[in-house]
Amino acid sequence: MSTPPPAGARTPTLHSEWLNHRDRLLKPSLNDVEFGAINEVLDHYHPHGPLRTFTTYFRSGLGKPMYVAHGQYFDLDHVMSRLLELPGLSTGFGGQVYGGGKGHDLFGTTASSVGEAVERVLGSLAYLTYMDRILNGSYRTLTGKGIPCLHPEEFPVFAPEQLATDPLYEAWTEDTELGWIAGHRLRSGEEVYVPAQLVMLFYLHGPDEPMIGLAPSGGLASHISRRDALWHGVLELFERDAVNLRWYGGVPLDRVVIDRPLKNRALRRLLETAGEQPGEIGFYLHNLDLHDYPVLTAVERDGWLRRYSYFAGGGVSDDTEEAMLSALTEYSQAERSLRISLATPDWEFTEAFGRQFAIGKDAQAADFTNYIQVIPFYGFEENRDRVSWFYDGGEEIPLSELPRRRAGEAPERRWDALMGLLAERGWDPIAFDFSLPQFRHTSLMKVVMPELSPPYPPQAPGLGNPRYGRVPFEAGRRERPLTFEDLNTNPLPYP
């Protein structure tokens, strides 16, 4: 019989490191959690599984030295119709499940690809595990039974002016009959129910349930731990809010001037090689508040092209150089896809890209079906002036004035700083755990922050949050608080 350790003593923990000398997609070494997380996801990668193919391409001669992957997934409508025993089910959602990965090395691209697949594809199956836990009723009815629910006024999605003319969405009131799903406040841990259609990537409405909004992928994040997934989910919502406020508030972006040596080796390498090729990449700052978490966009605009001349990608972090690197790798997805389409018009890839993301140069907001279409839209020669004010009308801000994280700072301190900011503002995000039960390492979390302007597609921007009218004025970028009529409602440039 073994003797238990004395109270307060630390139990020895065995750690191991996995050395890799065969698989070019993985790092030379991975710790236990990294190895377990990537392998349990790759177990779902096979011809008959949910993750069927990830494809990457050599870049064109003008491409940047980054990697991009495109994913092919299972037929969601077919799988759902079989699992729910609803023959011929056609949700229209399956065509919106697309994605891939990007990175400055092959491992980063692989991890990004499988991570996005978990979010978009496996995350859509969360409805199946939650469907028997969805409560139906109105806010008034459920709270009358003692069930804690989010009040409609706490989460204003659409402005009244939008709802007055929108044929699809309806106002959310205390008496609206909805399906509700339980989440937990991130700081207090309190349980709160939220309308499921505002949370779940895939959701089947009840027969008489009105549409009050939708649940885009913003705030949905997978990672090797619950805390890491929550960190990325919250920061992604910071990013979307900052992007929304600048564009819809009519506030031009500030151009970042690199006035000091770069510390991030990967970022430095990418920018050095980018300078050898046609086209200039600029970095632009979005933040009007939340300045400790810089939100940056990497943009290239090629005036010699009549179409596919606009490439952009965004990033956010508590370290500016890390946000720049994230923006640059996101930019590479647009740059690679469009350059391939220009260079190889007869490829199957080009045809597939056109089917999913093509958009006319005269399109209106209602004509868009996904986020990505704004890239080719603003890449038309005729549409350049519609976005030039956004990039050319702001101020210049030195990189040396933007946040830097101390080298080697522990993840716990970064998390504590984020929780401190939320506490200071009185914000308490709502978290939903959509991790698959068979995953031991990989976590999939959805974060909802009613306090921030929500991520919504160009055809249905949610403009009801009071931050649209208040923050540009409080930041000194508009002369007065904005009304709905003051907002710029042109399609939001990606990201």
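Residues numbered from 1 in each chain as written. Predicted model: local features only at pLDDT ≥ 70, side-chain atom pairs only at ≥ 80, totals over all residues. Heavy atoms only, no water.

With an unreviewed UniProt entry as reference, the protein chain is termed YcaO-like family protein, source organism Streptomyces peucetius.

## What to know about the pattern of salt bridges
Formally: The working definition used for a salt bridge is a side-chain nitrogen of Lys or Arg within 4 Å of a carboxyl oxygen of Asp or Glu. Helix numbers and strand numbers start at the N terminus; a helix is a DSSP run of H or I with at least 4 residues, a strand a run of E with at least 2. Type-normalised accessible area, obtained with a 1.4 Å probe on protein chains alone, sets the label of each residue: buried when under 20%, exposed when over 50%, and partly exposed for intermediate values.
In the structure shown here, the tally under the stated rule is 26 salt bridges. The shortest N-O distance in the salt bridge between Asp241 and Arg467 comes to 2.6 Å. Highlighted residues: Asp241 in helix 7 (residues 226-248) and Arg467 in helix 14 (residues 467-474), separated in sequence by 226 residues. Comparing Asp241 with Arg467 shows no difference in burial state: the two are buried. For the salt bridge of Arg405 with Glu322, the shortest nitrogen-to-oxygen distance reads 3.1 Å. Within this pair, whereas Arg405 is found in the loop between strand 14 (396-398) and helix 13 (411-425), its partner Glu322 is found in helix 9 (residues 320-343), the two being separated by 83 residues in sequence. Residue classification places Glu322 among the partly exposed residues on the basis of a relative accessible area of 29%. Residues joined by salt bridges that share partners form a network here, namely Glu300, Asp302, Glu335, Arg336 and Arg339.

## Overview of the packing of aromatic side chains
For any pair of aromatic rings, geometry is given as the distance between the ring centres together with the angle between the planes. Note the cut-off: Geometry of aromatic contacts follows a simple scheme: Phe, Tyr and Trp rings, the Trp one being its six-membered ring, pair when their centres are within 6.5 Å, and the pair is stacked under 30 degrees between planes, edge-to-face over 60, tilted otherwise.
Following the criterion strictly, the structure yields 22 aromatic pairs and no others. Where Trp247 meets Trp389, the ring centres are 5.3 Å apart and the plane angle is 25 degrees; that geometry is what we call stacked. One end of the pair, Trp247, is in helix 7; the other, Trp389, is in helix 12 (residues 385-392), with 142 residues separating them in the sequence. Among the residues examined, Trp247 registers a relative accessible area of 0% and is labelled buried. Assessed through its relative accessible area of 29%, Trp389 is described here as partly exposed. Ring plane angle 50 degrees and centroid distance 6.2 Å describe the contact between Tyr310 and Tyr391, whose orientation is recorded as tilted. Taken together, the positions of Tyr310 in strand 13 (residues 310-316) and Tyr391 in helix 12 put the pair 81 residues apart, joining distant regions of the chain. Here the two residues Tyr310 and Tyr391 agree in accessibility, since each one is buried. In this structure an aromatic cluster arises from ring pairing among Trp247, Tyr284, Tyr310, Phe368, Phe377, Tyr378, Trp389, Phe390 and Tyr391.

## Focus: the sheet that holds strand 14
Heads up, the condition is: A pair of strands counts as paired when DSSP detects no fewer than two bridges linking them. Note on geometry: axes are lines fitted to C-alpha atoms, helical ones only across the stretch in contact, with angles between N-to-C directions running from 0 to 180 degrees. Throughout, a residue-residue contact means that at least one pair of heavy atoms, one from each residue, lies within 4.5 Å.
Taken together, the five strands give an open sheet; going across it, the order is 13-12-11-10-14, and neighbouring strands pair in mixed fashion. Across the chains shown, the open sheet's two edge strands, defined by having one partner strand only, are strand 13 and strand 14. Taken pair by pair, the neighbouring strands of this sheet meet at an average axis angle of 35 degrees, ignoring direction. Judged from the two bridges that link them, strand 10 (residues 254-257) and strand 11 (residues 281-285) form a sheet pairing that is antiparallel. Pairing of Asp254 across the sheet is with Leu285, part of strand 11. Relative to the sheet, helix 9 contacts strand 11, strand 12 (295-301) and strand 13, its axis offset from that of strand 13 by approximately 150 degrees. Helix 12 contacts strand 11, strand 12 and strand 13 of the sheet and is inclined by roughly 130 degrees relative to strand 12.

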